[in-house]
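The chain contents come next:
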Amino acid sequence: MRMKHLLSVVVLMTASLVHAEEAGGLTWSAPSEWAVQPARPMRAATYKLPAAKGDAEGAELAVFYFGAGQGGAVGDNVKRWLGQFQRPDGTSVEKDAKTKTEKVNGLNVTTVDVKGTYAGGGPMMGPSAPKPGYRLLGAIVEGAEGPLFFKLTGPEKSVAAAEKGFRKLVESVKSAKK
């Protein structure tokens, strides 16, 4: 009985270390310090990340899944994400952005890293006040049932503090069918 209790404690402690999630036939694990938020329209998951020292607010990771053949081409999404940012002088951040395509667990993954003044979340979110000193880390994972979009945005320091966790999350994405 005691061994059974100890085993259940170990299982519960291990389960609290990460949040395992699933959408579009893919699974991922988010760091435990990222607070899972209530369901929101068009999102597979939303996480609130803690603010870094000196930032008034934390960052947010939105995970989108629209279905097979939905959500648009990878390049179009990258371009749209970059279009949500601009340099302090109002010019494009496209030349400053870092994008990379790689294989992770057999899946094509395109990552984006961009900084600047964030102009908002997109047409479905309505207008928002521009936010200087923001950063976006994004990943588009091409699964068999359609792409999964991971979009982490927030103040630069808070996003920088979450960068290793974001990378681990991206590296954890895999097909749910194994």
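Parameters and conventions
Residues numbered from 1 in each chain as written. Predicted model: local features only at pLDDT ≥ 70, side-chain atom pairs only at ≥ 80, totals over all residues. Heavy atoms only, no water. Buried < 20%, exposed > 50% of the residue type's maximum accessible area, 1.4 Å probe, protein only. Helix = DSSP H or I, 4+ residues; strand = E, 2+ residues; numbered from the N terminus. Pairing = 2+ DSSP bridges. Expected span 1.5 Å × (residues − 1). Arc of directions from axis to C-beta. Contact = heavy atoms within 4.5 Å.

A. Main features of the pairing of strand S5 (residues 59–65). With 5 of its 7 residues buried, S5 lies for the most part within the structure. In this sheet, S5 lies alongside strand S4 (residues 43–49) in antiparallel orientation, the contact comprising 6 bridges. For Lys48, the partnering residue across the bridge sits in S5 and is Glu60. Pairing of S5 with strand S10 (residues 146–155) involves 6 bridges; the strand directions are antiparallel. Bridge assignment links Ala62 to a residue of S10, and that residue is Lys151.

B. Fine view of the pairing of S10. With 10 of 10 residues buried, S10 lies mostly within the body of the structure. With 10 bridges connecting them, strand S9 (residues 131–143) and S10 associate as antiparallel partners. From the neighbouring strand, Arg135 faces S10, where its bridge partner is Gly154.

C. Representation of helix H3 (residues 156–172) within the structure. Between its first and last C-alpha atoms H3 spans 24 Å; for 17 residues at 1.5 Å apiece the expected length is 24 Å, and the two agree. Taken residue by residue, H3 has Ser158, Val159, Ala162, Gly165, Phe166, Leu169, Val170 and Ser172 as its buried positions.

D. Quick look at helix H2 (residues 74–83). Listed as buried for H2 are Asn77, Val78, Trp81 and Leu82. The buried residues of H2 occupy one face: seen down the axis, they fall within an arc of 135°. Those residues of H2 that are exposed and aimed more than 90 degrees away from the buried face are Asp76, Lys79 and Gly83. Those residues of H2 that are buried are in contact with strand S6 (85–86), strand S7 (98–104), strand S8 (107–118), S9 and S10.

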